[in-house]
Amino acid sequence: MNYRGSCHCGNVAFEVEGALQEVLACNCSICKRKGSLLWFVPRDALHLLTPENTVRTYTFHRHVIRHQFCPTCGIHPYGEGTDPQGRAMAAINVRCLEDVDLEQIPVTYFDGRAL
């Protein structure tokens, strides 16, 4: 299935392909504040529809996850990193996807604060 998403102002827009079956809610210091619900997909399933230079990156702690955000409206539509096997992954903030009924998606809670 293909989904379209964006930040609030539309400066960062993207498409992502995959089966949205569950999301992850993390309680680490940044996810707790952002309130993101994350869907993990291979990085090549995420396609930016706007120029890559419209996105800004924030890293912290071990600097292994690149939290991508719009410098205009401040929304974080996705992050980038690698899975334990070293594969490039994207963490899509499903709250930024169009036409997704969040009430119908199971949520897994992750204790990122403990890492």
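Residues numbered from 1 in each chain as written. Predicted model: local features only at pLDDT ≥ 70, side-chain atom pairs only at ≥ 80, totals over all residues. Heavy atoms only, no water.

This brings us to the nonpolar core. The biggest cluster of nonpolar side chains holds 21 residues, and the ones touching the most others in it are Val16, Leu20, Trp39, Ile92 and Leu97. Of all elements in the fold, only strand E2 (13-17), strand E3 (23-26), strand E4 (38-42) and strand E9 (88-93) reach the threshold of two or more residues within this core. Leu24, Cys26, Ile30 and Ala91 belong to the second-largest nonpolar core, a separate cluster that totals seven residues. (Core = buried A, V, L, I, M, F, W, Y, C linked by side-chain atoms within 4.5 Å. Buried < 20%, exposed > 50% of the residue type's maximum accessible area, 1.4 Å probe, protein only. Helix = DSSP H or I, 4+ residues; strand = E, 2+ residues; numbered from the N terminus.)

Counted by the stated rule, this structure contains three aromatic pairs. Centre to centre, the rings of tyrosine 3 and tryptophan 39 are 5.5 Å apart; their planes meet at 80°, and the pair counts as edge-to-face. Of this pair, tyrosine 3 sits in strand E1 (residues 2-6) while tryptophan 39 sits in strand E4, and the two are 36 residues apart along the sequence. Tryptophan 39 sits in the buried class, given a relative accessible area of 4%. Between tyrosine 58 and phenylalanine 60 the ring centres are 5.9 Å apart and the planes differ by 20°, which places this aromatic pair in the stacked class. A residue is classified by how much of its surface remains accessible, and tyrosine 58, at 39% relative accessible area, is partly exposed. (Phe/Tyr/Trp six-rings, centres within 6.5 Å; stacked < 30°, edge-to-face > 60°.)

On to the pairing of E3. Residue alternation in E3 divides its side chains into two sets, Val23 and Ala25 and Leu24 and Cys26, and both sets are buried. The pairing of E3 with strand E10 (residues 107-110) spans four bridges and is classified as parallel. Across the sheet, residue alanine 25 finds its bridge partner in E10, namely tyrosine 109. (Pairing = 2+ DSSP bridges.)

This part takes up the pattern of salt bridges. This model, assessed by the stated rule, comprises three salt bridges. Put simply, glutamate 15 and arginine 4 hold a salt bridge, and the shortest N to O gap is 3.0 Å. With glutamate 15 in strand E2 and arginine 4 in strand E1, the pair connects residues that are eleven residues apart, well separated along the chain. Glutamate 15 gets classed as partly exposed once you look at its relative accessible area, which sits at 26%. The shortest N-O distance in the salt bridge between glutamate 80 and arginine 43 comes to 2.4 Å. (Salt bridge = Lys/Arg side-chain N within 4 Å of Asp/Glu carboxyl O.)

With that settled, consider the state of the cysteines. Summed over the entire model, instances satisfying the criterion amount to zero disulfides. The closest cysteine sulfur to the non-disulfide-bonded cysteine 7 is located on cysteine 73, 3.7 Å from its own sulfur. Cysteine 70 carries a free sulfur, and the closest cysteine sulfur to it, the one in cysteine 9, is 3.7 Å from it. (Disulfide = S-S within 2.5 Å.)

Take the pairing of E9 next. By the criterion of burial, E9 is predominantly enclosed, with five of the six residues buried. Here E4 runs beside E9; their pairing, made up of five bridges, is antiparallel. Among the inter-strand pairings, phenylalanine 40 is bridged to a residue of E9, identified as alanine 91. Where strand E8 (residues 78-82) and E9 come together, five bridges link them in antiparallel fashion. For threonine 82, the partnering residue across the bridge sits in E9 and is alanine 88. A loop of five residues connects E8 with E9, the two strands running antiparallel in sequence, and glycine 86 in this loop sits at a positive phi of about 90°.

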